Amino acid sequence: MKRQALGLLACLRATLLRELQIAASSPGKIVNPLMFFVIASALFPLSGRLDLAVLGSIAPGILWVTALLAVMLSMEGLFRSDFDDGTLEQLLLSSQPLYFHLLVKVLGHWLVTGLPLVVIAPLLGLLLNLPAAGYQPLILGLLLGTPTLSLVAAIGTALTVGLARSGLLLAVLVLPLSIPVLVFGAGVVDTALNGLPVAGLFSLLGALLLLAASLAPLAIAASLRISVQ
Amino acid sequence: MLQWLYKLGSPRHFYEMTTGFLPWLAGTTFLLLGIGLVWGLGFAPPDYQMGDNFRIIYIHVPTATGAIWIYAMMATMAAMHLVWNLKVADMVAKSCGIVGTSFCAIALFTGAFWGKPTWGTYWIWDAKLTSFLILLFVYVGVMALRSAFDSETSASKAASVLTLVGVVNLPIIYYAAVWWNTLHQGPSVLGDRDASANPPEIWIPAFFSGFGLIGLLFLIVILHTRNEILYRERRAQWVQELLDGERAHA
């Protein structure tokens, strides 16, 4: 019996489902970035006798920096097991376009690592005394910004997947490139707290997301081809 | 022209062509640098506001400008390496990375030592300063990635990809820094001074030292690339012959 080749859409759906199933089978993948986010944010108030008002004013920055680190650290495993068991090589040889496959793979990864961060962020906002006006821009900003961070971090992951110890190197590569998202993301909350209009900044975050979604898969694909040799 | 470029792409030809050209480049560079620095540091009149502190300009401005343009050169080389698989392009890119990092660091340090007496602080989170700091981070990232690989081929390809990702990102980082800065503090007007107020005795030496430092930049890049060629081609016939010739000479 001849097996019928999968269409592109079916293939992408399979990729997404696979990513979700892998996450479901190892809950640590979802829980660990989340716990990192919570614990790292909680360290800041403990690091000094901070005035509550001061804490509230630096809360957007704290939340964004820790979210950025959580996303980056969670990405380390994105291609690791596929690289180890040869799935990645099959993927590169596949007749399906790598571009869409990678886009969906990062999306799947973001759904299990990035999205939970967005959901729990308001709770941390309470811990850090974030003023009421900051919650909506924080959530929407993270919703637009964390996928961009995932895409950028995926480039770094793809470049370092062939290396034995890549954690710190990944940070050195990815953190400078994530700065625009951090600036605009934390800026949205800050601007809202000052009572200024934030629509323009949301547009910028959206533009960064579109730019990352259109270009990052190309860089990820090129990097994977280098790593698998 | 194309054939000339093609020849330059072969390590051996690059090495042989630069051999004859190097003494001229080195001579011009040190002449320009010598004139610029001696004139600028020793004889140019002190600035009417900053006194002798302004003399840092003769190092600071060329290294800062250089740091940006070396990145552009490195990115062009990275693209050429990825598209045409030119080995020499990658060796030049590697050299550019080293020189660019040092120029960027020198620009930041001289800037800090200029800032202290004139602005009263070594560092402020000004858009220009911030984006230079991040440029330094990106340079360091490219070098770190390159050194992490055992295989020369993977290292060069990976570094090239990261360099190109950086090219897309650097303008965004710059505008993010400008925007962020205008939100948090008033734009610093520290650098704004009437250009026409500077007499020729001040800017002519800057011209010399500027071109001198550009010459120095190319000199280091070429010398480092030549070393890299000898190292990577150490098993090639022509390198062996070259070394035998040197030994016989000695």
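Structural data are supplied above this passage.
In this report, we go over the structure that sits alongside the text. (Residues numbered from 1 in each chain as written. Chains lettered and ligands numbered in written order. Predicted model: local features only at pLDDT ≥ 70, side-chain atom pairs only at ≥ 80, totals over all residues.)

### Digging into the overall build of chain B
Broken down by element type, chain B carries eight helices and zero strands. Seen in sequence order, chain B has helices and strands lined up from the N terminus as α-α-α-α-α-α-α-α. Along the three orthogonal principal directions, the C-alpha set of chain B runs to about 60 × 40 × 35 Å. In chain B, buried positions account for 35% of the 250 residues. By sequence separation, contacts in chain B at least 24 residues apart represent 77% of the contacts at least 6 residues apart. (Helix = DSSP H or I, 4+ residues; strand = E, 2+ residues; numbered from the N terminus. Buried ≥ 20, exposed ≤ 12 C-beta atoms within 10 Å, placed from the backbone. Contact = placed C-beta atoms within 7 Å.)

### Re unusual backbone geometry
The backbone of Asn129 of chain A sits at a positive phi, close to 60°, despite the residue not being glycine. Looking at where Asn129 of chain A falls in the secondary structure, it is placed in the loop between helix H6 (98-127) and helix H7 (135-160). If you check the backbone angles, Asn85 of chain B has positive phi at about 55° while not being a glycine. Structurally, the position occupied by Asn85 of chain B is in the loop between helix H3 (57-84) and helix H4 (87-119).

### Details of the environment of Ile62 of chain A
Residues and elements named next belong to chain A. Structurally, Ile62 can be placed in helix H3 (residues 52-75). Sequence-wise, Ile62 and Leu128 are 66 residues apart; in three dimensions their C-alpha atoms are separated by 8.8 Å. With residues up to four places along the chain from it excluded, the contact list for Ile62 reads Ser41, Phe44 and Leu128.

### Notes on the interface of chain B and chain A
With 22 residues of chain B at the contact, the number on the chain A side is 22 residues. Going through the elements one at a time, helix H5 (127-148) and helix H6 (152-184) of chain B are the ones with two or more residues in the side of chain B that touches chain A. Here the side of chain B that touches chain A is composed, by residue class, of 18 nonpolar, three polar and one charged. (Nonpolar A, V, L, I, M, F, W, Y, C, P; charged D, E, K, R; others polar.)

### Quick word on the environment of Thr15 of chain A
Residue and element names in this part refer to chain A. Locating Thr15 in the fold gives a position in helix H1 (residues 8-25). What makes Thr15 buried here is the crowd of 20 C-beta atoms within 10 Å. Sequence spacing of Thr15 and Val174 is 159 residues, and the spatial spacing of their C-alpha atoms is 25 Å. Setting aside residues no more than four positions away along its own chain, Thr15 makes contact with His101, Val104, Lys105 and Gly108.

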